[in-house]
Amino acid sequence: MFLRASLKPGASGQPGWRGWRLMVWVAAASLVLIDGRRVKQPRCPAGCTCTKDNALCEDVRSVPHAFPSDVLSLSFVKSGFSEITGGSFVHTPHLQLLLFTANTFDIIDEDAFAGLPHLEYLFIENNRIASISPNAFRGLKALIHLFKLNVKIFLFDPLIYRDLRGNNLICDCKLKWLVEWMHQTNATLDQIHCSGPPNYQGRKINDLLPHSFDCITTEFASYQPLKFESISVEAFTFVNEQYVVFAQPFAGTCSFLEWDHVEMTFRTYDTIESTSTVVCKPMVIDHHLFVIVAQLFGGSHIYKRDSSANKFIKIQDIDILKIRKPNDIETFMINGESFFVIADSSKAGSTTVYKWNGNGFYTHQSLHPWYRDTDVEYLEISNKPHLILSSSSQRPVVYQWNRSQKKFDRRTDIPDMEDVFSVKHFWVKGDLFICLTRFIGDSRVMRWDGAMFREVQTFPSRGSMVFQPVSVSNWQYAILGSDYSLTQVYQWDTKRGQFIPSQELNIQAPRSFSVVSVDDRVFLLASSFKGKSQIFEHHEIDLSD
């Protein structure tokens, strides 16, 4: 009579609570092997009710560890703990049945059920699960099935089930493993819905696809601090080896570093002594390494690497009447011929293009005097060579290569962009963009529409001397430096067609960035004018792991 009353269905058609509890105890008791020996009554933790080999805990705040080691059945009902942590049941190694129902925990950690080699029955229903570690059920080799009148989820093989009905699952990257597994095994979860995030809320897990989860993120992690200040940095390849060179204005040197394949660090390779160095620009022509060294005082010079003497030798001086206060150098090739251009920021100087004639570099064209240019950028627009000059006295000016005259002609300027310190370009899926740096105000990203550059996005600048695009594999970044705040790293969002904030870097007065790839690793080099220059490593992080 008591048995029939306790199994009377509730309003939902399911057995009432008294009937459910009795069913659990009866099922657990059927698992016990009775050998006729007298077993000492186990000690029961507070909040739990124990019988021979069985325990039921109600409204406990944590998983107790005081159960006898030969407990075979353990149930948790309406408990108050928030997660099942790794190794929670190592003190009950002989469990064969484990049940959780109507609890408040929302996280199942990695190895939550470690140490249960004999567990055959696992009930997890009507809880508030939002996150399940991919390795939460690792080690449950004896798990056979869950017998209950509701949905069964195949987990390990067709004979092993797990019941998650009634849980509120957050369908983010932490659950991607389950979606991947479902598509590999054709499992179904018809009654399991997502409670978040908003774009998946209310959807069935069955309807989700693995590729719809964007779980790969990136970061630049500090790798190697350097001991010097610098104003510019360049990475280059010479004789199949990777090198970097920093211009150190206070020390008056070009400092070359090479990658140590054994110690896995950048070490000193060589130096070029100079005065008030602002740019050390490497240039490889016909397997020979040249370095254009721009100085604020004492003129600028060109050095060549002498392989037999294993040192740099000065081979040429640059006309001091044209280049009085160099601020930037760009190297480029047009129709197989090598050029470089120096942006001069003095009132009496002139931004000048130089050309290699087989024996040395000679003046090819002076672009314009008196404009105090701060930056020059070489790029191709519609497959035609162009230069963009930035100046403190006018808007950025665009020059186009005249193939018949073999010189640059002024084409246009970029409207509504006064006080631009520098312009750097990048490409995304065939579209040309430029980053325009302003010291105070708004730096901008603009896109070439076939006729002119149009604004895409603005970024607040607070003492910015560099807004540099950086490409790493399929990732596109823009790094906005600041003399007064942290450096902001932005990552390109293809769906939005804009940059989104990615991370912040602590670099004092950054002036230049460069990327070098070596030994299947990618490093970001950061020059610092007022602090120590730094090297960061680029990491890809899978949030679904």
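Residues numbered from 1 in each chain as written. Predicted model: local features only at pLDDT ≥ 70, side-chain atom pairs only at ≥ 80, totals over all residues. Heavy atoms only, no water.

The chain goes by Leucine-rich glioma-inactivated protein 1 in an unreviewed UniProt entry, where it is assigned to Oryzias sinensis.

**Q** Go over the overall build of the chain, please, and point to the residues and values.
**A** A tally of regular secondary structure across the chain gives 3 helices and 40 strands. Nonlocal contacts in the chain, meaning residues at least 24 apart in sequence, comprise 44% of its contacts between residues at least 6 apart. Carbon and sulfur atoms make up 50% of the accessible area of the chain, which totals about 26200 Å². (Helix = DSSP H or I, 4+ residues; strand = E, 2+ residues; numbered from the N terminus. Contact = heavy atoms within 4.5 Å. Areas by Shrake-Rupley, 256 points an atom, 1.4 Å probe, with all protein chains shown as cover.)

**Q** Account for the state of the cysteines, with residues named and values stated.
**A** Throughout the structure, instances matching the rule amount to 5 disulfides. Each disulfide pairs two cysteine sulfurs, and for Cys171 the partner residue is Cys194, the sulfurs being separated by 1.9 Å. Handedness here is read from the sign of the S-S torsion; for Cys171 and Cys194, about -95°, the answer is left-handed. With Cys171 in the loop between strand E11 (169-170) and helix H3 (176-185) and Cys194 in strand E12 (residues 194-196), this residue pair connects regions lying 23 residues apart in the sequence. Note on cysteine connectivity: Cys173 is disulfide-linked to Cys215, with sulfurs 2.2 Å apart. (Disulfide = S-S within 2.5 Å.)

**Q** Break down the side chain of Ser514 for me, citing the residues and quoting the values.
**A** One can find Ser514 in strand E38 (residues 510-518). One polar contact links the side chain of Ser514 to the main-chain amide nitrogen of Ala235, over a distance of 3.2 Å. Excluding anything up to four places from it in sequence, Ser514 contacts Val233, Glu234, Ala235, Gln468, Phe523, Leu524 and Leu525. (Polar contact = N/O pair within 3.5 Å; in protein donor to acceptor, adjacent residues only side chain to side chain.)

**Q** Describe the pattern of salt bridges, and please don't skip the residues or the numbers.
**A** If you walk through the whole model with that rule in mind, you get 21 salt bridges. When the shortest N-O distance is used, the salt bridge between Lys281 and Glu330 registers 3.9 Å. Note that Lys281 is positioned in strand E18 (residues 277-285) and Glu330 in strand E22 (residues 326-334), a separation of 49 residues in sequence. The pair Lys281 / Glu330 is uniform in exposure class, with both members buried. Linking Glu337 and Lys355 is a salt bridge whose minimum nitrogen-to-oxygen distance equals 2.9 Å. On the criterion of sequence distance, the pair formed by Glu337 in strand E23 (residues 337-344) and Lys355 in strand E24 (residues 350-356) is long-range, its members being 18 residues apart. Under the relative-accessibility criterion, Lys355 is labelled partly exposed at 21%. One network of salt bridges, with partners in common, ties together Asp328, Asp375, Glu377 and Lys424. (Salt bridge = Lys/Arg side-chain N within 4 Å of Asp/Glu carboxyl O. Buried < 20%, exposed > 50% of the residue type's maximum accessible area, 1.4 Å probe, protein only.)

**Q** Provide a residue-level description of the pairing of strand E21 (residues 311-317), including the pertinent values.
**A** Sheet topology note: the strand E20 (residues 301-306)/E21 ladder contains 6 bridges and is antiparallel. Residue Asp306 lies in a different strand from E21, and its bridge partner there is Lys311. Hairpin remark: E20 followed by E21, antiparallel, with 4 residues in the connecting loop; positive phi at Asn310, about 55°. (Pairing = 2+ DSSP bridges.)

**Q** Run through the nonpolar core, naming residues and quoting values.
**A** Among the nonpolar cores identified, the biggest contains 46 residues, and Phe76, Phe89, Leu98, Phe100, Ile108, Phe113 and Leu122 are the most heavily contacted of them. Those elements that place two or more of their residues in this core are strand E1 (48-51), strand E2 (54-58), strand E3 (73-77), strand E5 (97-101), strand E7 (121-125) and H3. In terms of residue count, H3 provides more of this core than any other element does, 5 residues in total. Every residue in contact with Phe100, bar those within four places of it in the chain, is listed here: Phe76, Phe81, Ile84, Phe89, Phe105, Phe113, Leu122, Phe123, Ile124, Glu125 and Asn127. Membership of the second largest hydrophobic core comes to 16 residues, among which are Val278, Val279, Ile318 and Trp356. (Core = buried A, V, L, I, M, F, W, Y, C linked by side-chain atoms within 4.5 Å.)

**Q** Pulling in residues and values, what's your account of the sheet that holds strand E15 (residues 241-248)?
**A** Pairing is antiparallel across the open sheet formed by 4 strands, whose spatial order is E14-E15-E16-E17. One side of each edge strand has no neighbouring strand; the edge strands of this open sheet are strand E14 (232-238) and strand E17 (265-273). The average angle at which neighbouring strand axes cross in this sheet is 25°, direction not considered. Here 8 bridges tie strand E16 (residues 253-260) to E17, and the two strands are oriented antiparallel to one another. Bridging across to E17, Leu257 finds its partner in Thr268. (Axes fitted to C-alpha atoms, helices over the stretch in contact; angles between N-to-C directions.)

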